[in-house]
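Spelled out, the chains give:
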Amino acid sequence: MPATDRDGPVADPEAQRRHPLLFKAVARRRQPRLRRTDITVTDEAAVKRAVKAASLGNAMEWFDFGIYAYLAVTLGHVFFPSGNDTVQLLSSFATFAVAFLVRPLGGMVFGPMGDRLGRKKVLALTMILMAVGTFAIGLIPSYSSIGYWAPVLLVFFRMVQGFSTGGEYGGASTFIAEYACDRRRGYFGSFLEFGTLAGYVAAAGLVTALTGWLGSDTMEAWGWRVPFLVAGPLGLVGLYLRLRLDETPAFQKLESDAARVFDAADAVETSTKGDLKKIFRQQWPMLILCIALVGAYNITDYMLLSYMPTYLSDELGYSETHGLLILLLVMVLLMLIITRVGRLNDRFGRKPVLMAGMLGFLFLSLPAFLLIGQGGIPAITAGMLMLGLSLVCMLGTMSAALPALFPTDVRYGSLSVGYNLSTSLFGGTTPLVITALIGATGSNLMPAYYAMGAALVGVVAVACMKETAQKPLEGSPPSVETPEEAAELVMSQAPEPRF
(Lines give C-alpha, C1' and ligand atoms only; values in the text may rest on other atoms or scores of the structure.)
Protein backbone atom coordinates (compact mmCIF):
# COMPACT_ATOMS: atom_id res chain seq x y z
CA MET A 1 0.00 0.00 0.00
CA PRO A 2 1.58 3.38 -0.97
CA ALA A 3 2.42 5.94 1.71
CA THR A 4 0.15 8.95 2.00
CA ASP A 5 0.25 12.48 3.39
CA ARG A 6 -2.39 15.20 3.76
CA ASP A 7 -2.39 15.81 0.00
CA GLY A 8 -2.79 12.16 -1.02
CA PRO A 9 -0.49 9.29 -2.04
CA VAL A 10 3.27 9.87 -1.91
CA ALA A 11 4.95 8.73 -5.13
CA ASP A 12 7.83 6.29 -5.28
CA PRO A 13 11.17 8.22 -5.46
CA GLU A 14 12.29 6.05 -8.40
CA ALA A 15 9.17 7.00 -10.36
CA GLN A 16 9.82 10.68 -9.61
CA ARG A 17 13.31 10.40 -11.07
CA ARG A 18 12.01 8.70 -14.23
CA HIS A 19 9.18 11.22 -14.86
CA PRO A 20 10.24 14.58 -13.35
CA LEU A 21 8.08 16.75 -15.64
CA LEU A 22 4.97 14.73 -14.92
CA PHE A 23 5.40 15.02 -11.17
CA LYS A 24 6.11 18.76 -11.39
CA ALA A 25 2.82 19.16 -13.25
CA VAL A 26 0.99 17.16 -10.55
CA ALA A 27 2.59 19.32 -7.81
CA ARG A 28 1.48 22.51 -9.58
CA ARG A 29 -2.04 21.11 -9.89
CA ARG A 30 -2.17 20.38 -6.16
CA GLN A 31 -0.55 23.68 -5.12
CA PRO A 32 -1.00 26.15 -7.96
CA ARG A 33 1.06 29.32 -7.93
CA LEU A 34 -0.57 32.33 -6.36
CA ARG A 35 -2.34 34.87 -8.52
CA ARG A 36 -2.84 38.46 -7.45
CA THR A 37 -6.59 37.82 -7.04
CA ASP A 38 -5.85 34.99 -4.58
CA ILE A 39 -4.28 37.37 -2.06
CA THR A 40 -6.34 39.40 0.43
CA VAL A 41 -5.22 43.02 0.87
CA THR A 42 -6.59 44.18 4.20
CA ASP A 43 -8.35 47.48 4.77
CA GLU A 44 -6.72 48.97 7.87
CA ALA A 45 -9.81 50.95 8.85
CA ALA A 46 -11.97 47.80 8.60
CA VAL A 47 -9.43 45.81 10.62
CA LYS A 48 -9.47 48.41 13.39
CA ARG A 49 -13.29 48.42 13.47
CA ALA A 50 -13.31 44.62 13.69
CA VAL A 51 -10.73 44.61 16.48
CA LYS A 52 -12.67 47.26 18.39
CA ALA A 53 -16.00 45.42 18.13
CA ALA A 54 -14.57 42.00 19.01
CA SER A 55 -12.50 43.38 21.90
CA LEU A 56 -15.44 45.28 23.39
CA GLY A 57 -17.50 42.09 23.39
CA ASN A 58 -14.70 40.22 25.10
CA ALA A 59 -14.32 43.06 27.61
CA MET A 60 -18.02 42.83 28.40
CA GLU A 61 -17.82 39.06 28.83
CA TRP A 62 -15.02 39.35 31.38
CA PHE A 63 -16.62 42.38 33.02
CA ASP A 64 -19.65 40.17 33.69
CA PHE A 65 -17.60 37.24 34.96
CA GLY A 66 -15.26 39.51 36.91
CA ILE A 67 -18.17 41.11 38.75
CA TYR A 68 -19.36 37.73 39.97
CA ALA A 69 -15.87 36.64 41.02
CA TYR A 70 -15.13 39.88 42.91
CA LEU A 71 -18.52 39.83 44.63
CA ALA A 72 -18.35 36.10 45.44
CA VAL A 73 -18.37 36.60 49.22
CA THR A 74 -21.23 39.14 49.08
CA LEU A 75 -23.29 37.01 46.68
CA GLY A 76 -22.80 34.02 48.97
CA HIS A 77 -24.46 35.99 51.78
CA VAL A 78 -27.26 37.33 49.54
CA PHE A 79 -28.30 34.15 47.71
CA PHE A 80 -27.58 31.28 50.11
CA PRO A 81 -28.77 30.35 53.62
CA SER A 82 -26.80 31.96 56.47
CA GLY A 83 -24.61 29.81 58.67
CA ASN A 84 -21.13 28.62 57.74
CA ASP A 85 -19.20 31.30 55.78
CA THR A 86 -17.06 28.68 54.02
CA VAL A 87 -20.17 26.80 52.86
CA GLN A 88 -21.67 30.07 51.55
CA LEU A 89 -18.44 30.85 49.67
CA LEU A 90 -18.26 27.33 48.22
CA SER A 91 -21.92 27.62 47.14
CA SER A 92 -21.16 30.95 45.47
CA PHE A 93 -18.15 29.52 43.61
CA ALA A 94 -20.16 26.42 42.67
CA THR A 95 -22.72 28.73 41.05
CA PHE A 96 -19.81 30.53 39.35
CA ALA A 97 -18.73 27.14 37.96
CA VAL A 98 -22.27 26.26 36.77
CA ALA A 99 -21.99 28.78 33.93
CA PHE A 100 -18.97 26.89 32.67
CA LEU A 101 -20.81 23.58 32.58
CA VAL A 102 -23.09 24.84 29.79
CA ARG A 103 -20.32 26.66 27.87
CA PRO A 104 -19.45 23.57 25.78
CA LEU A 105 -23.14 23.30 24.81
CA GLY A 106 -23.08 26.94 23.70
CA GLY A 107 -19.87 26.28 21.77
CA MET A 108 -21.42 23.27 20.03
CA VAL A 109 -24.46 25.33 19.01
CA PHE A 110 -22.92 28.71 18.15
CA GLY A 111 -19.59 27.47 16.74
CA PRO A 112 -20.92 25.41 13.78
CA MET A 113 -23.58 28.11 13.28
CA GLY A 114 -20.81 30.67 12.87
CA ASP A 115 -19.12 28.47 10.25
CA ARG A 116 -22.37 28.15 8.27
CA LEU A 117 -24.13 31.51 8.73
CA GLY A 118 -21.17 33.78 9.32
CA ARG A 119 -19.13 35.15 12.21
CA LYS A 120 -20.89 38.52 12.46
CA LYS A 121 -24.48 37.28 13.00
CA VAL A 122 -23.54 34.78 15.70
CA LEU A 123 -21.35 37.28 17.57
CA ALA A 124 -24.27 39.73 17.65
CA LEU A 125 -26.54 37.01 19.07
CA THR A 126 -24.06 36.02 21.80
CA MET A 127 -23.72 39.69 22.80
CA ILE A 128 -27.51 40.00 23.29
CA LEU A 129 -27.75 36.85 25.42
CA MET A 130 -24.80 37.82 27.61
CA ALA A 131 -26.25 41.28 28.31
CA VAL A 132 -29.69 39.84 29.13
CA GLY A 133 -28.27 37.19 31.49
CA THR A 134 -26.09 39.64 33.40
CA PHE A 135 -28.76 42.36 33.63
CA ALA A 136 -31.29 39.83 34.95
CA ILE A 137 -28.98 38.75 37.80
CA GLY A 138 -29.08 42.33 39.07
CA LEU A 139 -32.89 42.07 39.40
CA ILE A 140 -33.13 38.78 41.36
CA PRO A 141 -34.55 39.14 44.90
CA SER A 142 -32.37 37.88 47.78
CA TYR A 143 -32.68 34.56 49.65
CA SER A 144 -34.26 36.36 52.59
CA SER A 145 -37.05 37.61 50.26
CA ILE A 146 -37.97 34.55 48.15
CA GLY A 147 -36.06 31.67 49.76
CA TYR A 148 -34.65 28.92 47.53
CA TRP A 149 -36.02 30.56 44.38
CA ALA A 150 -33.15 33.07 44.71
CA PRO A 151 -30.31 30.56 44.10
CA VAL A 152 -32.45 28.78 41.48
CA LEU A 153 -32.87 31.99 39.46
CA LEU A 154 -29.19 32.84 39.97
CA VAL A 155 -28.16 29.45 38.57
CA PHE A 156 -30.55 29.83 35.61
CA PHE A 157 -29.23 33.22 34.53
CA ARG A 158 -25.63 32.11 35.11
CA MET A 159 -26.41 29.31 32.66
CA VAL A 160 -27.72 31.88 30.15
CA GLN A 161 -24.42 33.73 30.56
CA GLY A 162 -22.42 30.56 30.12
CA PHE A 163 -24.40 29.41 27.07
CA SER A 164 -23.86 32.73 25.29
CA THR A 165 -20.19 32.85 26.23
CA GLY A 166 -19.76 29.46 24.56
CA GLY A 167 -19.88 31.25 21.21
CA GLU A 168 -18.03 34.40 22.23
CA TYR A 169 -14.28 33.73 22.51
CA GLY A 170 -14.06 31.32 19.56
CA GLY A 171 -15.96 33.77 17.37
CA ALA A 172 -14.15 36.91 18.52
CA SER A 173 -10.66 35.41 18.12
CA THR A 174 -11.64 33.94 14.72
CA PHE A 175 -13.04 37.31 13.67
CA ILE A 176 -9.83 39.20 14.46
CA ALA A 177 -7.55 36.46 13.11
CA GLU A 178 -9.40 36.41 9.77
CA TYR A 179 -9.43 40.19 9.43
CA ALA A 180 -5.76 40.75 10.35
CA CYS A 181 -2.89 40.43 7.87
CA ASP A 182 -0.55 37.47 8.32
CA ARG A 183 2.37 39.64 9.42
CA ARG A 184 0.53 41.37 12.31
CA ARG A 185 -2.00 38.77 13.49
CA GLY A 186 -0.38 38.53 16.93
CA TYR A 187 -0.48 42.29 17.44
CA PHE A 188 -4.14 42.68 16.49
CA GLY A 189 -5.07 39.49 18.35
CA SER A 190 -3.53 40.84 21.55
CA PHE A 191 -6.24 43.53 21.64
CA LEU A 192 -8.79 40.78 22.29
CA GLU A 193 -7.05 39.99 25.57
CA PHE A 194 -6.54 43.70 26.18
CA GLY A 195 -10.33 43.65 26.26
CA THR A 196 -10.20 40.77 28.77
CA LEU A 197 -8.00 42.81 31.10
CA ALA A 198 -10.10 45.94 30.52
CA GLY A 199 -13.23 44.02 31.51
CA TYR A 200 -11.58 42.75 34.67
CA VAL A 201 -10.21 46.22 35.50
CA ALA A 202 -13.63 47.81 34.97
CA ALA A 203 -15.28 45.15 37.16
CA ALA A 204 -12.66 45.37 39.90
CA GLY A 205 -12.64 49.18 39.77
CA LEU A 206 -16.43 49.46 39.97
CA VAL A 207 -16.72 46.91 42.81
CA THR A 208 -13.87 48.60 44.73
CA ALA A 209 -15.35 52.07 44.28
CA LEU A 210 -18.84 50.95 45.31
CA THR A 211 -17.55 49.04 48.35
CA GLY A 212 -15.48 52.03 49.48
CA TRP A 213 -18.37 54.44 48.93
CA LEU A 214 -21.29 52.38 50.22
CA GLY A 215 -19.64 50.10 52.79
CA SER A 216 -20.03 46.33 53.15
CA ASP A 217 -23.52 46.42 54.69
CA THR A 218 -25.03 48.59 51.95
CA MET A 219 -23.25 46.56 49.28
CA GLU A 220 -24.89 43.43 50.67
CA ALA A 221 -28.26 45.15 50.89
CA TRP A 222 -28.47 46.55 47.32
CA GLY A 223 -25.12 47.90 46.11
CA TRP A 224 -24.09 44.59 44.55
CA ARG A 225 -26.87 45.00 41.97
CA VAL A 226 -25.36 48.11 40.35
CA PRO A 227 -22.46 46.40 38.47
CA PHE A 228 -24.83 43.79 37.01
CA LEU A 229 -27.33 46.41 35.84
CA VAL A 230 -24.57 48.35 34.06
CA ALA A 231 -24.20 45.39 31.65
CA GLY A 232 -27.46 46.28 29.87
CA PRO A 233 -26.31 49.58 28.30
CA LEU A 234 -22.86 48.12 27.63
CA GLY A 235 -24.42 45.25 25.72
CA LEU A 236 -26.36 47.65 23.48
CA VAL A 237 -23.17 49.54 22.62
CA GLY A 238 -21.35 46.32 21.78
CA LEU A 239 -24.27 45.09 19.67
CA TYR A 240 -24.31 48.34 17.68
CA LEU A 241 -20.58 48.08 16.92
CA ARG A 242 -20.82 44.45 15.82
CA LEU A 243 -23.80 44.98 13.54
CA ARG A 244 -21.89 47.70 11.65
CA LEU A 245 -19.17 45.25 10.58
CA ASP A 246 -18.85 43.26 7.37
CA GLU A 247 -18.08 39.55 7.33
CA THR A 248 -14.41 38.57 7.53
CA PRO A 249 -12.54 38.40 4.18
CA ALA A 250 -11.65 34.74 4.82
CA PHE A 251 -15.31 33.77 5.35
CA GLN A 252 -16.41 35.76 2.29
CA LYS A 253 -13.79 33.91 0.20
CA LEU A 254 -14.97 30.59 1.63
CA GLU A 255 -18.60 31.41 0.77
CA SER A 256 -17.75 32.42 -2.81
CA ASP A 257 -15.72 29.24 -3.34
CA ALA A 258 -18.51 27.10 -1.87
CA ALA A 259 -21.07 28.77 -4.14
CA ARG A 260 -19.05 27.72 -7.16
CA VAL A 261 -18.68 24.12 -6.00
CA PHE A 262 -21.98 23.25 -4.30
CA ASP A 263 -25.54 23.97 -5.25
CA ALA A 264 -28.16 25.36 -2.89
CA ALA A 265 -29.59 21.93 -2.03
CA ASP A 266 -26.23 20.77 -0.70
CA ALA A 267 -25.98 23.82 1.53
CA VAL A 268 -29.44 23.26 3.00
CA GLU A 269 -28.60 19.67 3.92
CA THR A 270 -25.83 20.73 6.31
CA SER A 271 -26.69 20.69 9.99
CA THR A 272 -25.09 21.43 13.32
CA LYS A 273 -25.01 17.71 14.10
CA GLY A 274 -23.23 16.99 10.82
CA ASP A 275 -20.78 19.84 11.43
CA LEU A 276 -19.94 18.51 14.90
CA LYS A 277 -19.33 15.02 13.51
CA LYS A 278 -16.96 16.52 10.96
CA ILE A 279 -15.12 18.46 13.67
CA PHE A 280 -14.67 15.50 16.02
CA ARG A 281 -13.82 13.07 13.22
CA GLN A 282 -11.35 15.23 11.28
CA GLN A 283 -9.99 17.69 13.84
CA TRP A 284 -9.56 15.53 16.98
CA PRO A 285 -5.73 15.85 17.18
CA MET A 286 -5.97 19.66 17.09
CA LEU A 287 -8.92 19.57 19.51
CA ILE A 288 -6.80 17.70 22.06
CA LEU A 289 -3.96 20.19 21.60
CA CYS A 290 -6.39 23.10 21.95
CA ILE A 291 -7.89 21.65 25.15
CA ALA A 292 -4.42 21.21 26.69
CA LEU A 293 -3.29 24.73 25.77
CA VAL A 294 -6.51 26.37 26.95
CA GLY A 295 -6.61 24.31 30.16
CA ALA A 296 -3.13 25.46 31.20
CA TYR A 297 -3.91 29.04 30.22
CA ASN A 298 -7.32 29.19 31.92
CA ILE A 299 -6.29 27.67 35.25
CA THR A 300 -3.55 30.27 35.64
CA ASP A 301 -5.78 33.05 34.28
CA TYR A 302 -8.72 32.40 36.62
CA MET A 303 -6.41 31.78 39.57
CA LEU A 304 -4.83 35.22 39.25
CA LEU A 305 -7.60 37.41 37.82
CA SER A 306 -10.68 35.88 39.49
CA TYR A 307 -9.67 33.97 42.59
CA MET A 308 -6.83 36.10 44.00
CA PRO A 309 -8.95 38.79 45.78
CA THR A 310 -10.91 36.02 47.56
CA TYR A 311 -7.63 34.27 48.46
CA LEU A 312 -6.24 37.47 50.00
CA SER A 313 -9.40 38.17 51.99
CA ASP A 314 -10.46 34.67 53.10
CA GLU A 315 -7.11 32.90 53.47
CA LEU A 316 -4.76 35.75 54.44
CA GLY A 317 -7.21 38.05 56.23
CA TYR A 318 -6.96 41.18 54.08
CA SER A 319 -9.97 43.34 53.33
CA GLU A 320 -11.72 42.78 50.02
CA THR A 321 -10.86 46.32 48.91
CA HIS A 322 -7.17 45.78 49.75
CA GLY A 323 -6.86 42.74 47.50
CA LEU A 324 -8.81 44.33 44.63
CA LEU A 325 -6.64 47.46 44.64
CA ILE A 326 -3.42 45.43 44.35
CA LEU A 327 -4.93 43.31 41.57
CA LEU A 328 -6.08 46.48 39.79
CA LEU A 329 -2.52 47.81 39.80
CA VAL A 330 -1.16 44.55 38.38
CA MET A 331 -3.82 44.36 35.66
CA VAL A 332 -3.22 47.97 34.55
CA LEU A 333 0.50 47.18 34.19
CA LEU A 334 -0.37 44.10 32.10
CA MET A 335 -2.62 46.22 29.88
CA LEU A 336 0.30 48.55 29.20
CA ILE A 337 2.51 45.75 27.85
CA ILE A 338 0.11 43.22 26.30
CA THR A 339 0.17 44.69 22.77
CA ARG A 340 3.99 44.64 22.92
CA VAL A 341 3.74 40.93 23.66
CA GLY A 342 1.58 40.68 20.52
CA ARG A 343 4.36 42.34 18.49
CA LEU A 344 6.91 40.00 20.06
CA ASN A 345 5.08 36.84 19.02
CA ASP A 346 4.70 38.24 15.50
CA ARG A 347 8.44 38.77 15.34
CA PHE A 348 9.85 35.75 17.18
CA GLY A 349 6.97 33.27 16.91
CA ARG A 350 4.02 32.09 19.00
CA LYS A 351 5.83 29.08 20.48
CA PRO A 352 8.75 30.92 22.20
CA VAL A 353 6.45 33.48 23.85
CA LEU A 354 3.90 30.86 24.97
CA MET A 355 6.69 28.67 26.30
CA ALA A 356 8.08 31.61 28.32
CA GLY A 357 4.67 32.03 29.99
CA MET A 358 4.26 28.32 30.76
CA LEU A 359 7.78 28.03 32.19
CA GLY A 360 7.20 31.19 34.21
CA PHE A 361 4.24 29.59 36.00
CA LEU A 362 6.09 26.30 36.38
CA PHE A 363 9.10 27.83 38.15
CA LEU A 364 7.76 31.07 39.66
CA SER A 365 4.37 30.05 41.13
CA LEU A 366 5.81 28.71 44.40
CA PRO A 367 8.17 31.68 45.02
CA ALA A 368 5.31 34.06 44.14
CA PHE A 369 2.89 32.54 46.67
CA LEU A 370 5.59 32.42 49.34
CA LEU A 371 6.07 36.15 48.79
CA ILE A 372 2.32 36.79 48.91
CA GLY A 373 2.10 34.74 52.13
CA GLN A 374 4.63 37.02 53.84
CA GLY A 375 2.12 39.87 53.71
CA GLY A 376 2.65 43.55 53.16
CA ILE A 377 1.89 45.50 50.00
CA PRO A 378 5.41 45.27 48.46
CA ALA A 379 5.63 41.48 48.88
CA ILE A 380 2.06 40.81 47.66
CA THR A 381 2.52 43.14 44.67
CA ALA A 382 5.86 41.53 43.76
CA GLY A 383 4.37 38.03 43.97
CA MET A 384 1.36 38.97 41.84
CA LEU A 385 3.60 40.70 39.28
CA MET A 386 5.66 37.51 38.91
CA LEU A 387 2.47 35.64 38.07
CA GLY A 388 1.12 38.48 35.94
CA LEU A 389 4.19 38.73 33.71
CA SER A 390 3.99 34.99 33.06
CA LEU A 391 0.26 35.26 32.31
CA VAL A 392 0.64 38.17 29.87
CA CYS A 393 2.89 36.02 27.66
CA MET A 394 -0.11 33.72 27.21
CA LEU A 395 -2.75 36.45 27.07
CA GLY A 396 -0.92 38.30 24.30
CA THR A 397 -0.37 35.17 22.18
CA MET A 398 -3.28 32.72 22.56
CA SER A 399 -5.79 34.72 20.53
CA ALA A 400 -3.48 34.48 17.49
CA ALA A 401 -2.23 30.93 18.12
CA LEU A 402 -5.56 29.15 18.74
CA PRO A 403 -7.47 30.13 15.55
CA ALA A 404 -4.47 29.02 13.48
CA LEU A 405 -4.89 25.43 14.72
CA PHE A 406 -7.98 24.87 12.53
CA PRO A 407 -8.94 25.36 8.84
CA THR A 408 -11.31 28.15 7.83
CA ASP A 409 -14.37 26.01 7.08
CA VAL A 410 -14.52 24.62 10.65
CA ARG A 411 -12.47 27.24 12.54
CA TYR A 412 -15.26 28.89 14.55
CA GLY A 413 -16.87 25.56 15.46
CA SER A 414 -13.64 23.69 16.27
CA LEU A 415 -12.21 26.50 18.37
CA SER A 416 -15.51 27.05 20.22
CA VAL A 417 -15.81 23.33 21.03
CA GLY A 418 -12.19 22.88 22.12
CA TYR A 419 -11.94 26.16 24.02
CA ASN A 420 -15.19 25.72 25.93
CA LEU A 421 -14.69 22.06 26.79
CA SER A 422 -11.36 22.99 28.33
CA THR A 423 -12.70 26.09 30.05
CA SER A 424 -15.60 24.11 31.48
CA LEU A 425 -13.33 21.39 32.87
CA PHE A 426 -10.46 23.52 34.12
CA GLY A 427 -11.19 27.26 34.01
CA GLY A 428 -14.48 27.91 35.77
CA THR A 429 -13.81 25.21 38.35
CA THR A 430 -10.48 26.77 39.40
CA PRO A 431 -11.78 28.90 42.34
CA LEU A 432 -13.91 25.99 43.58
CA VAL A 433 -11.08 23.43 43.29
CA ILE A 434 -8.50 25.68 44.96
CA THR A 435 -10.86 26.58 47.82
CA ALA A 436 -11.64 22.87 48.36
CA LEU A 437 -7.92 21.91 48.21
CA ILE A 438 -7.00 24.53 50.79
CA GLY A 439 -9.87 23.36 53.01
CA ALA A 440 -8.77 19.70 52.69
CA THR A 441 -5.01 20.23 53.19
CA GLY A 442 -4.85 23.40 55.25
CA SER A 443 -2.03 24.64 53.00
CA ASN A 444 -2.18 28.15 51.54
CA LEU A 445 0.31 27.05 48.85
CA MET A 446 -2.22 24.84 47.03
CA PRO A 447 -2.89 27.51 44.36
CA ALA A 448 0.83 27.45 43.48
CA TYR A 449 0.91 23.65 43.14
CA TYR A 450 -2.26 23.66 41.04
CA ALA A 451 -0.82 26.31 38.68
CA MET A 452 2.47 24.39 38.38
CA GLY A 453 0.62 21.22 37.36
CA ALA A 454 -1.32 23.16 34.73
CA ALA A 455 1.87 24.80 33.43
CA LEU A 456 3.57 21.41 33.05
CA VAL A 457 0.74 20.25 30.76
CA GLY A 458 1.06 23.55 28.90
CA VAL A 459 4.79 23.08 28.31
CA VAL A 460 4.13 19.71 26.62
CA ALA A 461 1.29 21.20 24.52
CA VAL A 462 3.39 24.14 23.31
CA ALA A 463 6.20 21.75 22.37
CA CYS A 464 3.73 19.77 20.21
CA MET A 465 2.17 22.70 18.33
CA LYS A 466 3.36 24.03 14.96
CA GLU A 467 4.71 27.54 14.55
CA THR A 468 2.13 29.71 12.73
CA ALA A 469 3.51 33.25 13.04
CA GLN A 470 3.55 35.25 9.76
CA LYS A 471 1.89 32.37 7.87
CA PRO A 472 -1.56 32.29 6.23
CA LEU A 473 -4.36 30.66 8.18
CA GLU A 474 -5.05 27.11 7.01
CA GLY A 475 -7.73 27.12 4.33
CA SER A 476 -7.45 30.88 3.77
CA PRO A 477 -5.50 32.84 1.14
CA PRO A 478 -2.46 34.90 2.18
CA SER A 479 -3.36 38.25 3.71
CA VAL A 480 -1.18 41.35 3.36
CA GLU A 481 -1.45 45.06 4.18
CA THR A 482 -0.67 46.70 0.82
CA PRO A 483 -0.99 45.97 -2.93
CA GLU A 484 2.81 46.24 -3.14
CA GLU A 485 3.18 43.36 -0.67
CA ALA A 486 0.73 41.30 -2.73
CA ALA A 487 2.73 41.95 -5.90
CA GLU A 488 5.98 40.99 -4.16
CA LEU A 489 4.40 37.76 -2.91
CA VAL A 490 3.24 36.82 -6.42
CA MET A 491 6.65 37.61 -7.91
CA SER A 492 8.41 35.53 -5.25
CA GLN A 493 6.54 32.46 -6.52
CA ALA A 494 7.15 33.14 -10.22
CA PRO A 495 9.58 30.72 -11.93
CA GLU A 496 13.10 31.88 -12.64
CA PRO A 497 13.52 32.86 -16.34
CA ARG A 498 15.72 30.60 -18.44
CA PHE A 499 17.90 31.86 -21.31
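Caption draft 1: Seen up close, the overall build of the protein. Scanning the protein from N- to C-terminus turns up 24 helices and four strands. The buried share among the 499 residues of the protein stands at 53%. In the protein, the proportion of contacts linking residues at least 24 apart, taken out of those at least 6 apart, comes to 85%. Per element, the accessible surface of the protein, about 21500 Å² overall, is 66% carbon and sulfur.

Caption draft 2: Here's a closer look at the packing of aromatic side chains. Tallied over the full model, the rule gives 12 aromatic pairs. With a centroid separation of 5.3 Å and an interplanar angle of 90 degrees, the aromatic rings of Y143 and Y148 are classed as edge-to-face. Ring centres of F156 and F157 lie 5.0 Å apart, and the angle between their planes is 75 degrees; on these two criteria the pair is classed as edge-to-face. Assessed through its relative accessible area of 18%, F157 is described here as buried. For the cation-ring pair, R343 lies above Y187, with the distance from its terminal atom to the ring centre recorded as 4.1 Å.

Caption draft 3: Representation of the pattern of salt bridges in the model. All chains considered together, the criterion is met by four salt bridges. R350 is paired through a salt bridge with D346; the nearest N and O atoms lie 3.0 Å apart. Look at R350 and you get buried, because its relative accessible area is 1%.

Caption draft 4: Highlighting the environment of N298. Mapped onto the elements of the fold, N298 is located in helix 17 (residues 284-315). Judged by its relative accessible area of 0%, N298 falls in the buried class. Taking the C-alpha atoms as reference points, N298 and L425, 127 residues apart in sequence, are found 9.9 Å from one another. Non-local contacts of N298, meaning those with residues more than four positions away in its chain, are made with Y419, T423, G427 and T430.

Caption draft 5: Expanded view of unusual backbone geometry. The phi dihedral of Q470 falls on the positive side, at around 60 degrees, and the residue is not glycine. If you trace the backbone, Q470 turns up in the loop between helix 23 (446-464) and strand 4 (479-480). With a relative accessible area of 44%, Q470 lands in the partly exposed category.

Caption draft 6: Highlighting the side chain of S422. You can see S422 is positioned in helix 21 (residues 411-427). What makes S422 buried here is its relative accessible area of 0%. There is a polar contact of 2.8 Å between the side chain of S422 and the backbone nitrogen of G295.

Caption draft 7: Focus on the packing of helix 7 (residues 119-137) against helix 9 (residues 149-165). Packing of helix 7 against helix 9 leaves a shortest axis separation of 8 Å and a crossing angle of 160 degrees. In terms of axis orientation, helix 7 runs roughly antiparallel to helix 9. Judged by the sense of rotation from one axis to the other, the crossing of helix 7 with helix 9 is left-handed. On helix 9, the residues that touch T126, L129, M130, G133, T134, A136 and I137 of helix 7 are L154, F157, R158, V160, Q161, F163, S164 and T165. The residue makeup of the contact of helix 7 with helix 9, split by class, is eight nonpolar, six polar and one charged.

Caption draft 8: Highlighting the environment of L123. Relative to the helices and strands, L123 is located in helix 7. Sequence spacing of L123 and F110 is 13 residues, and the spatial spacing of their C-alpha atoms is 8.7 Å. For L123, the contacting residues outside a window of four places in its chain are G167, E168, G171, A172, F175, R242 and Y412.

Caption draft 9: Spotlight on helix 9. Counted at 1.5 Å a residue, the expected span for helix 9 with its 17 residues is 24 Å, and the 24 Å between its end C-alpha atoms agrees. Of all the residues in helix 9, the buried ones are A150, P151, L154, F157, R158, Q161, G162, S164 and T165. Projection of helix 9 onto a plane perpendicular to its axis shows the buried side chains occupying an angular sector of 165 degrees, all on one side.

Caption draft 10: Structural context of the nonpolar core. The biggest cluster of nonpolar side chains holds 123 residues, and the ones touching the most others in it are M384 and L402. With 15 residues, helix 17 is the single largest residue contributor to this core. The contacts of M384, once residues within four sequence positions are left out, are L304, M308, L312, I326, L327, V330 and I372.

Caption draft 11: Spotlight on the environment of T397. By the element assignment, T397 lies in helix 20 (residues 377-401). Taking the C-alpha atoms as reference points, T397 and G349, 48 residues apart in sequence, are found 9.2 Å from one another. For T397, the contacting residues outside a window of four places in its chain are V341, N345, R350, V353 and L354.

Caption draft 12: Here's a closer look at the confidence of the model for the protein. Averaged over all residues, the pLDDT of the protein is 80; the fraction at 70 or higher stands at 83%. Of all helices and strands in the protein, the one with the weakest mean pLDDT is helix 15 (residues 264-269) (41), whereas helix 23 scores best (94). Overall, residues 1-8 carries pLDDT values under 50, and its contacts beyond four positions in sequence, including any with other chains, amount to 11 contacts.

Caption draft 13: Representation of a nonpolar patch on the surface in the model. A surface patch of nonpolar side chains, amounting to about 330 Å² of accessible area, comprises L329, V332, L333 and L336. Along the chain, the position of L329 falls in helix 18 (residues 320-348).

Caption draft 14: Examining the side chain of T381 more closely. Mapped onto the secondary structure, T381 falls in helix 20. Accessibility expressed as a relative area gives 14% for T381, which makes it buried. Filtering out sequence-adjacent residues up to four positions away, T381 remains in contact with I326 and L329.

About the cut-offs
- Residues numbered from 1 in each chain as written.
- Predicted model: local features only at pLDDT ≥ 70, side-chain atom pairs only at ≥ 80, totals over all residues.
- Heavy atoms only, no water.
- Helix = DSSP H or I, 4+ residues; strand = E, 2+ residues; numbered from the N terminus.
- Buried < 20%, exposed > 50% of the residue type's maximum accessible area, 1.4 Å probe, protein only.
- Contact = heavy atoms within 4.5 Å.
- Areas by Shrake-Rupley, 256 points an atom, 1.4 Å probe, with all protein chains shown as cover.
- Phe/Tyr/Trp six-rings, centres within 6.5 Å; stacked < 30°, edge-to-face > 60°.
- Lys NZ or Arg CZ within 6 Å of the ring centre and 35° of its normal.
- Salt bridge = Lys/Arg side-chain N within 4 Å of Asp/Glu carboxyl O.
- Polar contact = N/O pair within 3.5 Å; in protein donor to acceptor, adjacent residues only side chain to side chain.
- Axes fitted to C-alpha atoms, helices over the stretch in contact; angles between N-to-C directions.
- Parallel < 35°, antiparallel > 145°, perpendicular 65-115°, else oblique.
- Left-handed = near helix turned anticlockwise from the far one by under 90°.
- Nonpolar A, V, L, I, M, F, W, Y, C, P; charged D, E, K, R; others polar.
- Expected span 1.5 Å × (residues − 1).
- Arc of directions from axis to C-beta.
- Core = buried A, V, L, I, M, F, W, Y, C linked by side-chain atoms within 4.5 Å.
- pLDDT = per-residue confidence, 0-100.
- Patch = residues over 30% accessible without salt bridge, like charges linked within 9 Å, V, L, I, M, F, W, Y side chains within 5 Å.

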